[in-house]
Amino acid sequence: ADFVRCLEVHSKDRGLDEDATYYWVCAYALRQSALGDELRGGVGVSPFVRAIQLCDGTVSVLDRGAIATSRAWCALELFET
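Owing to the predicted nature of the structure, the values given are computational and were not obtained by experimental measurement.

Parameters and conventions
Residues numbered from 1 in each chain as written. Predicted model: local features only at pLDDT ≥ 70, side-chain atom pairs only at ≥ 80, totals over all residues. Heavy atoms only, no water. Helix = DSSP H or I, 4+ residues; strand = E, 2+ residues; numbered from the N terminus. Buried < 20%, exposed > 50% of the residue type's maximum accessible area, 1.4 Å probe, protein only. Contact = heavy atoms within 4.5 Å. Areas by Shrake-Rupley, 256 points an atom, 1.4 Å probe, with all protein chains shown as cover. Expected span 1.5 Å × (residues − 1). Arc of directions from axis to C-beta. Salt bridge = Lys/Arg side-chain N within 4 Å of Asp/Glu carboxyl O. Phe/Tyr/Trp six-rings, centres within 6.5 Å; stacked < 30°, edge-to-face > 60°.

Draft legend 1. Broad picture of the overall build of the protein chain. Scanning the protein chain from terminus to terminus reveals four helices and zero strands. For the protein chain, the residues scored as buried account for 16% of the 81 residues in total. Long-range pairs, those at least 24 residues apart, make up 45% of the contacts in the protein chain between residues at least 6 apart in sequence. Of the roughly 6,400 Å² that the protein chain leaves accessible, carbon and sulfur atoms contribute 54%.

Draft legend 2. Just helix 1 (residues 2-13), in detail. The terminal C-alpha atoms of helix 1, which comprises 12 residues, lie 16 Å apart, in line with the 16 Å expected from a rise of 1.5 Å per residue. Among the residues of helix 1, those classed as buried are Leu 7, His 10 and Ser 11. Taken end-on, helix 1 shows its buried residues confined to a sector of 95°, consistent with a single buried face. Exposed and oriented more than 90 degrees from the buried face of helix 1 are Asp 2, Lys 12 and Asp 13. Positive backbone phi, approximately 65°, marks Gly 15, located one or two places after helix 1.

Draft legend 3. Inspection of unusual backbone geometry at higher detail. Positive phi, normally seen in glycine, also occurs at Ala 66, with a value near 50°. Residue placement: Ala 66 occurs in the loop between helix 3 (47-54) and helix 4 (72-80). By relative accessible area, Ala 66 is classed as partly exposed at 24%.

Draft legend 4. Representation of the pattern of salt bridges within the structure. According to the stated counting rule, one finds two salt bridges in the structure shown. Salt-bridge contacts for Arg 5 lead to Glu 8; the nearest nitrogen and oxygen are separated by 3.6 Å. Within this pair, Arg 5 and its partner Glu 8 are both found in helix 1, separated by three residues, close to a single helical turn. Take Arg 5: its relative accessible area is 49%, and that puts it in the partly exposed class.

Draft legend 5. A look at the side chain of Ser 11. As for its position among the elements, Ser 11 is in helix 1. Dropping the residues within four chain positions of it, Ser 11 is found in contact with Leu 16, Glu 18 and Tyr 23.

Draft legend 6. Seen up close, the packing of aromatic side chains. Counted according to the given criterion, the structure contains one aromatic pair. Look at Trp 24 and Phe 48: their rings are 6.2 Å apart centre to centre, the planes differ by 50°, and that puts the pair in the tilted class. Of this pair, Trp 24 sits in the loop between helix 1 and helix 2 (35-38) while Phe 48 sits in helix 3, and the two are 24 residues apart along the sequence.

Read these as layout, nothing more, since geometry by itself doesn't imply function.
Here it is as structure tokens:
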């Protein structure tokens, strides 16, 4: 519920059209059980990086400990955006 609420606030704060705004959730984007397949060709051509390059922007939803900031994928997302 907190995750969805954060995205609702993000959309409202930026005046985004609810009917035309979509969020891609990276936690569901990579097959964790098949990372070798997902990363074939390198991180730069992975589905994760391709999605970031195709989007209009990114938003990070953090837990209270902001643990995401210590994860390599999150650092890559910040770098790419």
